[in-house]
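Chains, contacts and geometry: an overview
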Amino acid sequence: MKKVFARPESINDEIMHYCAGCTHGIAHRLVAEALDHYGITGKTVGVAPVGCAVLMYDYFECDILEAPHGRPPAVATGIKRSRPDMIVFSYQGDGDLASIGLAEIVHAANRGENITVIFVNNTVYGMTGGQMAPTTLLGQQTTTSPYGRNLNTDGYPIRMAEMLATLEGTSYVTRVALDKPANVLRARKAVFKAFDMQLKNMGFSFVEMLSTCPTNWGMSPTEAITRLQEELIPYFPLGVFKEKEVV
Amino acid sequence: MKKVFARPESINDEIMHYCAGCTHGIAHRLVAEALDHYGITGKTVGVAPVGCAVLMYDYFECDILEAPHGRPPAVATGIKRSRPDMIVFSYQGDGDLASIGLAEIVHAANRGENITVIFVNNTVYGMTGGQMAPTTLLGQQTTTSPYGRNLNTDGYPIRMAEMLATLEGTSYVTRVALDKPANVLRARKAVFKAFDMQLKNMGFSFVEMLSTCPTNWGMSPTEAITRLQEELIPYFPLGVFKEKEVV
Amino acid sequence: MSDNTRILVKGNDALAMGAIKAGCKHYFGYPITPQNEVPEFMSRELPKIGGEFVQAESELAAINMVLGASAVGIRSMTSSSSPGISLMQEGLSYMAGQELPGVVINVVRCGPGLGGIAASQGDYFQAVKGGGHGDYHLIVLAPSSVQEMYDHTMLAFELSDKYRNPAMVLADAVLGQMQEPIVEREQAPEPPPKMWALDGADGRPARHLKSLLLKEGELEAHNMLLQEKYREIEKHEVRFDEYRIEDAELVVAAFGTAARIAKTAVGQARKEGMKVGLFRPVTVYPYPKKRLAGISERVKDFLVVEMNTGQMLEDVKLNVAGDAQVSFYGRPGGGIPTPNEVLKRIRKYYPGQAESNVQSPLWQTQGRQSPKLENKRGT
Amino acid sequence: MSDNTRILVKGNDALAMGAIKAGCKHYFGYPITPQNEVPEFMSRELPKIGGEFVQAESELAAINMVLGASAVGIRSMTSSSSPGISLMQEGLSYMAGQELPGVVINVVRCGPGLGGIAASQGDYFQAVKGGGHGDYHLIVLAPSSVQEMYDHTMLAFELSDKYRNPAMVLADAVLGQMQEPIVEREQAPEPPPKMWALDGADGRPARHLKSLLLKEGELEAHNMLLQEKYREIEKHEVRFDEYRIEDAELVVAAFGTAARIAKTAVGQARKEGMKVGLFRPVTVYPYPKKRLAGISERVKDFLVVEMNTGQMLEDVKLNVAGDAQVSFYGRPGGGIPTPNEVLKRIRKYYPGQAESNVQSPLWQTQGRQSPKLENKRGT
Amino acid sequence: MYYDVFISGFGGQGILLAGQLLAETAMEKGLEVTFFPSYGVEMRGGTARCTVVFSDEEIGSPIVDNPMCVIAMNQPSLLRFQESLPPEGLLIVNDSLAKMEDVKRNDLDVHGISMSELAIELGNVRLTNMVALGAYAELSGAITPGEITSSLESVISARNKSLIPLNEKAIMAGAEVARNSSR
Amino acid sequence: MYYDVFISGFGGQGILLAGQLLAETAMEKGLEVTFFPSYGVEMRGGTARCTVVFSDEEIGSPIVDNPMCVIAMNQPSLLRFQESLPPEGLLIVNDSLAKMEDVKRNDLDVHGISMSELAIELGNVRLTNMVALGAYAELSGAITPGEITSSLESVISARNKSLIPLNEKAIMAGAEVARNSSR
Amino acid sequence: MVYASVRESETMPTIKIDIDKCKGCVLCVEVCPHVLIKQSKEINDQGYQYVVLVDSEEKCNGCTVCAVMCPDMCIEVFK
Amino acid sequence: MVYASVRESETMPTIKIDIDKCKGCVLCVEVCPHVLIKQSKEINDQGYQYVVLVDSEEKCNGCTVCAVMCPDMCIEVFK
Ligand SMILES: Cc1ncc(C[n+]2csc(CCOP(=O)(O)OP(=O)(O)O)c2C)c(N)n1
Ligand SMILES: Cc1ncc(C[n+]2csc(CCOP(=O)(O)OP(=O)(O)O)c2C)c(N)n1
Ligand code: SF4
Ligand code: SF4
Ligand code: SF4
Ligand code: SF4
Ligand code: SF4
Ligand code: SF4
Ligand SMILES: [Mg+2]
Ligand SMILES: [Mg+2]
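Residues numbered from 1 in each chain as written. Chains lettered and ligands numbered in written order. Predicted model: local features only at pLDDT ≥ 70, side-chain atom pairs only at ≥ 80, totals over all residues. Heavy atoms only, no water.

Glancing now at the overall build of chain C. Along its length, chain C carries 14 helices and 15 strands. What you see for chain C is a C-alpha radius of gyration of 21 Å, in line with the 21 Å of a compact globule of 379 residues. The buried share among the 379 residues of chain C stands at 72%. Looking at chain C alone, contacts between residues at least 24 apart form 78% of all its contacts between residues at least 6 apart. For chain C, the accessible area works out to roughly 11,200 Å², and carbon and sulfur atoms hold 49% of it. (Helix = DSSP H or I, 4+ residues; strand = E, 2+ residues; numbered from the N terminus. Rg over C-alpha atoms; globule rule 2.2 N^0.38 Å. Buried < 20%, exposed > 50% of the residue type's maximum accessible area, 1.4 Å probe, protein only. Contact = heavy atoms within 4.5 Å. Areas by Shrake-Rupley, 256 points an atom, 1.4 Å probe, with all protein chains shown as cover.)

Structure below.
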């Protein structure tokens, strides 16, 4: 009998601080599996966001750097430009990446920085207690959209993958969901691909992961999964939006 | 004999500080013509960028507010939200809008702010003496891309109109050129339309104007016009990228 | 509701209530702990009164939205906490340069960097010496109760409009999170019309508001005018609070939360027969320089207590008489001095007094050095 | 090229040359006048030596690129001018909190706001008191010649690495634009390996660099360690310069460009028989406190000269003896004090001396009040 | 008069509501009062604590290093905060979740009350906080149980108004049990 | 020794190059020197000015309020800066573009030289700055025309090296004319 | 680590659940094709009602989907 | 304002050029279908060689394209 599934080696044995059923944990595992797969843990630097994943340095076996809120892409640029031999990824929430850090992600993408970006879109500011995010769906109640997100005053949920795919500088842009095993396995492939692109010096790779925040959605983990499937996926379609051929 | 063409009323009689042949002057005139046309000079606030157009308050007959570099869309949002009865436009260069102010323009667009944005794209930082802009063309020499813009290190010239058109929040997005009378007249129409949209509460309107910077391109004004036609237009295609129907 | 109805309110909510009572209907802000109750309150309440709540994409955007609203004559505000306030420094410098009113609230948390969410007074320098570029000042109020969170926010709007200058309420996480009974105030009167506002050039020449002044000498002259304004503010708007200072031999100086803690310690010291008083600047810009100088003509010992490594300390030293002695007790990085810790420092001035059995402050239990007690000034 | 070969160099170019000599091959920056020569130089030269020039999308991005490069152990820098530096305050606070080296150059222009592009020293407070949030310090060097623009940039890299702390070169538009002969230095030795750098966890446990410290007391303890480091820096890295101070009755204190101007005035005053000296802090953080205190035991009159409304003035007042008198002459907003203006203030201490026929400073010719000459301290 | 009390337990035990109710009661009595919540390191769940101070004079510090009373609603709170009490201090322990044998000091006025059990008996474990308050009122003499119940309306949200009688009952039960309790 | 000079004109007259050449010359002579350019308000064109200070001692201020010499290359410069000269100061005026009758002070050592005309005669109006420098060398005695010409190589960019002889000629011509000039 | 429900069998596929880390989110419960995972009544040190494998009929086929969904990486699968 | 080349004719289309404001960029020159605008040898107070209308044959048709291109709004067109 063989162990066919285990905690990846690139993650330590700590109990994670995430809420029960929060899919940040799955996202962590997928990244760690990619590091394991390519054997790059020892030469990787992860850039942590400010958001629920700020503590990710407590879990990963690779080096991790804390970036100011929204700035991971700039920080990652600084790293990769000065140590092109290292593998660099940023891991960011939707507040971090799509709101305060929008200029940084678009410009890193546009410059075609040879980095990998993991974007965890849970349509809410998890860490600060459930405020509206740029990805919050229309009508969704949050603590700062108490009457539901209103397109007239709050604008539209922003689709980052689509937007970044329009930039010449991006090489791989995809959206996946962490809602069911089949999609998680697709997500895994996407993350692998994203690191593979970097290893092949193909430039900027981006994986948007539709994720849950049971706590701030006010739902049980399984209800949250259902919401992800029924509300998020229809607005944020899954798929590969851009994939440059490896030459 | 009738005067069929004159300086618009919304512009005063000052000699402008722009270099000879700089098309910023044309852009100014078009905006002023729109203010004249709709008779809105007295209830308009323009938001000036930091860039060569920073001094535009010296010329317009409407109220003008200076914004920090890149922040006109946020400033305009503040104005329009507190005085929805006023007409608000921002006037921005490519450094201002597409580089440092990228987050602000994308989010104002995404929120669908009911403002008008005039974007003067001259592929260079005019005011500071000719550094590379996000819109600088590949191979173009500037003082900070002395060997020509290199896609590997500097990334790709960014197409703002295309990017903003992908956002749900935008109502009117177009790119025009200030290279020849026919195109200037098209640009005029676009500017009129952009203000008209605002007057009809249709939301965010955006006019990108391909413009020249003879000084920093190191060319005579006519050579600059030729470059605009031969190099800029092929990369930055003219046209309407988005136009919501007036309901 | 009679004026005497007290209600139990959280500091952050009091800020927001005070703002609305001041006539602020426009709020622009970005979430950050420990002040999220402010945007949350505003998003709930402003739509009800015909106002607008905009969740800005960042603090940078937020301060610039305030700049815009202010320029067209509308009272507006933003609130944040330390890292977010750092991002507003360029905007604040612009607003000061353009002489635009506007209220900014800093519910200070501990730093530097991401730090933590506990209370701190580590942003004093940033607030009063100018965290942005150039020679300018914010008007800075330092509340020390929930009632003052409410009142100071109202006052900030008033002063900000009066002097056409951005005003800051410098609170902290304790004040933001604690609850106390407060009394609501009357709605503030409409501010007088703003003859400088960009409210449309109809029937008048176009106006502009800017800080760029390129003609030779123009910017220098503008700076001189700003300095004159600051002198006016220093003349008219100094506010401070005193407790048992009349016969004090030792004066504790502290602001905000630290002042409340110190007050308990001073009360206890008095009970024990020590002649100690408390001096609390309410405005930290303008700083109560004269009063402090006045006190120091008689009192020669000062103890500054802060939730930082010694920032207001410099303003105290700068303003007391040359022969006064100023020492310091502070805890940075989220450490909150306790009344007993302060009392222990007070006792040092009374060698006869027995040591109390209080717990040591953190840095002692951890075997670290305290931030060295500053020696007396000038020696 | 022998060491004695002098070359005529512009201050901004000297900065860039010094950086490269310090081993900096990575530059991240965003254009702003009056320091554009720095990114322009770097974009030209770095590719030649296998380095990287990245034109960041903003100053915010630039400082964070430096943060990233620094975290993996690479010497890197950014440069900007006042408004751009204001945008870096959050990043600087993070770097200080994370104890990351890195060099930031501020070629100060006049403010507040957009202001103008002329020289100023209006960002002194921001640089030395911490423009960002929390209790931290930058190491701040204040060059006053083109040679020092070069040398201080090299020194900034050295100190920054030595103390794992961001360092700033606080220049101004005069220093950035002027040309002087300089002597090039030897290439700096490679810094010792950085045992804390995130250079890959191969063969060692994973490292992380962060400023978030949530365990109870952890952030306070970290702050105490930072403070200990600052005490170390204050002990070992103070640098200053003196001119004819031995028998001076009046000491002029000034830094950077103002110090050069003051030096001419002091030289002239000496020629006229007045016993005047010049004290020039070279490090403005750490500030030469002790030396200044020492001087003030003998000298009782100080005149602070700045291109602002009185910022370093506070540090002088804080550190001279209680009975010393400190007055001030400054011009903000791009006004540059001239040697004659300074001389005129010096003459005030010598009532016997005839008034010079110099032109009045701007604020007098414009009928404005001067920023009131500060009274002697403590009275 | 001056009273202060420190209530500590884990998230979900209604610690903050209890503190707020006490504060409200004191305020309605015409006293000065401060209520200061403090959270542990954990972002969710984890510890919950608060300090309530009330007095007929202006209150200085809302933070107290040696509170007159500690209500330890669970084991970690007991371990951690018994030390902070001054001699003769009042320690009220929820002995459903904390072990009385871990009370190490013998200079205190200690009361073990099976708050959680009592609450469950009353029909809902979430009443534990009310039981605690009743006990506090009884033991501290700072305030009466009746004063607390009469402030319930101000603190309980509209849609939970129906629960007021149950809460009243829990407060009274806590007071009752406390009356007969001791170490 | 100590000399300072203020050169002022409009953009395009080569003011900054002249200042730089003077600075280079002084440096190559082993002197201390500072060169400080200052621009007018206009972003392009407009005024161009610079101050050069050289001395055998360390130089204090690179900015001078009462320079020993003003070279006024056009009319606005003459109007604006003659006042800054101390009594006996040296005022060199490009009288091709500035009116000598606007020299209001009579306590100065004034020299009107038709620099632009001379330059045009020499073949290129852009030589005006070299003519000015030659005149300055001759009249100030601070430096010799020959010293200036020998520094030309360091300042003139590689692709313009062929122009050096012409520049030398202009410097010498300026000196020559200055020798015979006076008010 | 305390593992619950480790079967004796060495030949049949099975899973191990790290009940200390389990947060009782039941995402694994939802996806098991044979509904073999059950939430227990017990709570662990974290305060969560952890889950256990209840597979007396040895139906587990080691398909791994439970582990794939577990956010806390509590599940190891053997096959 | 000093206008150059204002024709006497009141019936034929023509243009007025504000030569004080003109910067001599010649963008108008390039677009006139009849090549009626010429750069003069004179410079104005700004230092630019301004342009003038040279239209002795009254060819100007008031098409306005010169004015449309003028960045400095120096041209008025009459028709
Ligand atoms: C400059 C700054 N602004 C705001 C914050 C507060 N803050 C921390 S995390 C966060 C947003 C978190 O949301 P998201 O990025 O979506 O991550 P999640 O927690 O949902 O995974 C905010 C606004 C901060 N730390 N710094
Ligand atoms: C925060 C800040 N950073 C940088 C600058 C310097 N700056 C002024 S204008 C400008 C760019 C101008 O380019 P663009 O926006 O394209 O306008 P243009 O002059 O080309 O019309 C820059 C970088 C500034 N004023 N403020
Ligand atoms: S708050 Fe939301 S995003 Fe954050 S850990 Fe909890 S469930 Fe996950
Ligand atoms: S620098 Fe360029 S953009 Fe600016 S005014 Fe001159 S030509 Fe126009
Ligand atoms: S491995 Fe498959 S069958 Fe076995 S318990 Fe998990 S989900 Fe069920
Ligand atoms: S998915 Fe993991 S954490 Fe959730 S219940 Fe199953 S084993 Fe426990
Ligand atoms: S109006 Fe037409 S025809 Fe007349 S000058 Fe202008 S371009 Fe030529
Ligand atoms: S286009 Fe205007 S500015 Fe240019 S040459 Fe013609 S008239 Fe003059
Ligand atoms: Mg999120
Ligand atoms: Mg541009």
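Let's shift gears to the coordination of the magnesium ion (ligand 9). Residues and elements named next belong to chain A. In the first shell of the magnesium ion (ligand 9), the protein supplies Asp-94 (OD), Asn-122 (OD1) and Val-124 (O), at 1.9 to 2.2 Å from the metal. Each donor residue of the magnesium ion (ligand 9) lies on one chain, and together they are spaced D-x27-N-x1-V. With Asp-94 in helix 3 (residues 94-100) and Val-124 in the loop between strand 5 (116-121) and helix 5 (151-154), this pair connects stretches of sequence that are 30 residues apart. What makes Val-124 buried here is its relative accessible area of 2%. (Donors = N, O, S within 2.8 Å, 3.2 Å for Na, K, Ca; no water.)

Looking now at the interface of chain C and chain D. Reports of interface size often rely on the accessible area that becomes lost once the parts have come together. Counting residues at the interface gives 65 residues for chain C, matched by 65 residues for chain D. With both chains or domains summed, chain C and chain D bury close to 5,600 Å², and 60% of this area falls on carbon and sulfur atoms. When residues of chain C are sorted by the area they lose upon contact with chain D, Pro-112, His-133 and Glu-220 of chain C head the list and together hold 13% of the total. Inspection of the region where chain C meets chain D yields four salt bridges. Of the charged contacts in the structure, one is a salt bridge between Glu-314 of chain C and Lys-129 of chain D, with a shortest N-O distance of 2.7 Å. At the junction of chain C with chain D, the criterion picks out 30 residue pairs in polar contact (both at pLDDT 80 or more). Mapped onto the side of chain C that touches chain D, the elements with two or more residues apiece are helix 4 (82-86), helix 5 (89-98), helix 6 (124-130), helix 9 (218-236), helix 12 (312-319) and helix 14 (362-365) of chain C. (Buried area = accessible area lost by both parts, 1.4 Å probe. Salt bridge = Lys/Arg side-chain N within 4 Å of Asp/Glu carboxyl O. Polar contact = N/O pair within 3.5 Å; in protein donor to acceptor, adjacent residues only side chain to side chain.)

Let us now look at the site of ligand 1. Surveying the vicinity of ligand 1 reveals 23 residues, the closest of which are His-24, Cys-52, Asp-94 and Gly-126 of chain A together with Glu-59 of chain C. Proximal residues around ligand 1 fall on chains A, C and D, making this an inter-chain site. In this structure, Met-127 of chain A approaches ligand 1 through a main-chain N or O atom, which is 2.9 Å from an oxygen atom. Here Glu-59 of chain C contributes a side-chain N or O atom positioned 2.5 Å from a nitrogen atom of ligand 1. (Near = heavy atom within 4 Å.)

Residue and element names in this part refer to chain C. Residues of chain C with pLDDT of at least 70 account for 92%, and the chain-wide mean is 92. Predicted confidence for residues 356-379 stays below pLDDT 50, and this span has 56 contacts to residues more than four positions away or in other chains. In the predicted assembly, ipTM is 0.96 and pTM is 0.96. (pLDDT = per-residue confidence, 0-100.)

In ideal tetrahedral geometry, four donors around a metal make angles of 109.5 degrees, whereas ideal octahedral geometry with six donors gives angles of 90 or 180 degrees. Residue and element names in this part refer to chain B. Asp-94 (OD), Asn-122 (OD1) and Val-124 (O) make up the full set of protein donors to the magnesium ion (ligand 10), lying at 1.9 to 2.2 Å. Here the donor residues for the magnesium ion (ligand 10) map to a single chain with the spacing D-x27-N-x1-V. Linking Asp-94 in helix 3 (residues 94-100) with Asn-122 in the loop between strand 5 (116-121) and helix 5 (151-154), this pair joins segments that are 28 residues apart in sequence. Of the two residues, Asp-94 and Asn-122, both sit in the buried class.

Moving on to the domain arrangement of chain C. Residue and element names in this part refer to chain C. On domain assignment, one finds that chain C holds domain 1 (6-190 + 211-236) and domain 2 (241-365). Here the C-alpha centre of domain 2 lies 27 Å away from the C-alpha centre of domain 1. Between domain 1 and domain 2, the contact holds 32 residues from the first and 25 residues from the second. With both chains or domains summed, domain 1 and domain 2 bury close to 2,300 Å², and 55% of this area falls on carbon and sulfur atoms. (Domains from an automatic or database assignment.)

So, about the relation of the copies chain C and chain D. When chain C is fitted to chain D, the residual RMSD is 0.0 Å, and the transformation amounts to a turn of 180° plus an axial shift of 0.0 Å. With respect to symmetry, the two chain copies, as superposed, fit the operation of a two-fold axis. Same-surface contact between copies: 100% of interface residues of chain C are shared with the interface of chain D. (Least-squares fit on C-alpha atoms with pLDDT ≥ 70 in both.)

In this section: the pattern of salt bridges. Note that side chains of opposite charge can pair when their charged atoms are close. Using the criterion set out here, one finds 106 salt bridges over all chains in the structure. A salt bridge links Arg-7 of chain B to Asp-13 of chain B, with the nearest nitrogen and oxygen atoms 3.9 Å apart. Residues Glu-216 of chain C and Arg-80 of chain F are paired through a salt bridge, measuring 2.6 Å at the closest nitrogen-oxygen approach. With Glu-216 of chain C in the loop between strand 9 (208-209) and helix 9 and Arg-80 of chain F in helix 2 (residues 75-81), the pair connects residues from two separate chains. One network of salt bridges, in which partners are shared, links Arg-81, Arg-111 and Glu-113 of chain A together with Glu-52 and Glu-57 of chain D.

Ile-15, Cys-32, Pro-33, Leu-36, Leu-53, Cys-60, Asn-61, Gly-62, Cys-63, Thr-64, Val-65 and Cys-66 of chain G make up every residue found near ligand 5. Partitioned by chemical class, the residues of the shell around ligand 5 number nine nonpolar, three polar and no charged. (Nonpolar A, V, L, I, M, F, W, Y, C, P; charged D, E, K, R; others polar.)

Below, the discussion takes up the pairing of strand 5 (residues 90-94) of chain F. All names here are of chain F. Burial analysis of strand 5 places five of its five residues in the buried class, the great majority of the element. Where the polypeptide runs from strand 4 (residues 69-72) across helix 2 and back to strand 5, its parallel neighbour, the crossover connection is right-handed. Of the strand pairs in this sheet, strand 5 and strand 6 (residues 109-113) are connected by five bridges, and their pairing is parallel. From the neighbouring strand, Val-93 faces strand 6, where its bridge partner is Gly-112. (Right-handed = clockwise from strand over helix to strand, strands pointing away. Pairing = 2+ DSSP bridges.)

Residue and element names in this part refer to chain F. Running from N to C, helix 4 (residues 128-140) and helix 6 (residues 164-179) point in directions that differ by 45°, and their axes come no closer than 6 Å. Classified by the angle their axes make, helix 4 and helix 6 are oblique. As helix 4 packs across helix 6, the resulting crossing turns out to be right-handed. Contact residues: helix 4 offers Met-130, Val-131, Gly-134, Ala-135, Glu-138 and Leu-139, while helix 6 offers Asn-167, Ala-170, Ile-171, Gly-174, Ala-175, Ala-178 and Arg-179. Tallied by class, residues from the contact of helix 4 with helix 6 come to eight nonpolar, three polar and two charged. (Axes fitted to C-alpha atoms, helices over the stretch in contact; angles between N-to-C directions. Parallel < 35°, antiparallel > 145°, perpendicular 65-115°, else oblique. Left-handed = near helix turned anticlockwise from the far one by under 90°.)

Moving on to the sheet that holds strand 2 (residues 44-48) of chain A. If you trace the eight strands from one edge of the open sheet to the other, you get 8(A)-6(A)-7(A)-5(A)-4(A)-2(A)-3(A)-9(D), paired in mixed fashion. Every other strand in the sheet has two partners, leaving strand 8 (239-243) of chain A together with strand 9 (208-209) of chain D as the edge strands with one partner each. Packing of helix 1 (residues 24-38) of chain A onto the sheet brings it into contact with strand 2, strand 4 (87-93), strand 5 and strand 7 (204-210) of chain A, and relative to strand 4 of chain A it is tilted by some 175°.

On to the environment of Gly-113 of chain C. One can find Gly-113 of chain C in the loop between strand 5 (103-108) and helix 6. Separated by 30 residues in sequence, Gly-113 of chain C and Pro-83 of chain C place their C-alpha atoms 7.0 Å apart.

To continue, consider the arrangement of the chains. The interface with the highest contact count, out of 14 pairs of chains in contact, is the one between chains C and D. As for chain G relative to chain D, no contact occurs, and the smallest C-alpha gap between them is 18 Å. There is a clear gap between chain C and chain H: no contact, and 18 Å between their nearest C-alpha atoms.

Attention shifts here to unusual backbone geometry. The omega torsion of the bond from Thr-33 of chain C to Pro-34 of chain C falls at 5°, within 30 degrees of zero and hence cis. Geometrically, the link from Gly-111 of chain D to Pro-112 of chain D is a cis peptide bond, its omega value of 0° lying close to zero. Residue position: Pro-112 of chain D is located in the loop between strand 5 (103-108) and helix 6 (124-130). Phi at Glu-99 of chain C is positive, roughly 55°, even though this residue is not glycine. Summarising the element assignment, Glu-99 of chain C is placed in the loop between helix 5 and strand 5.

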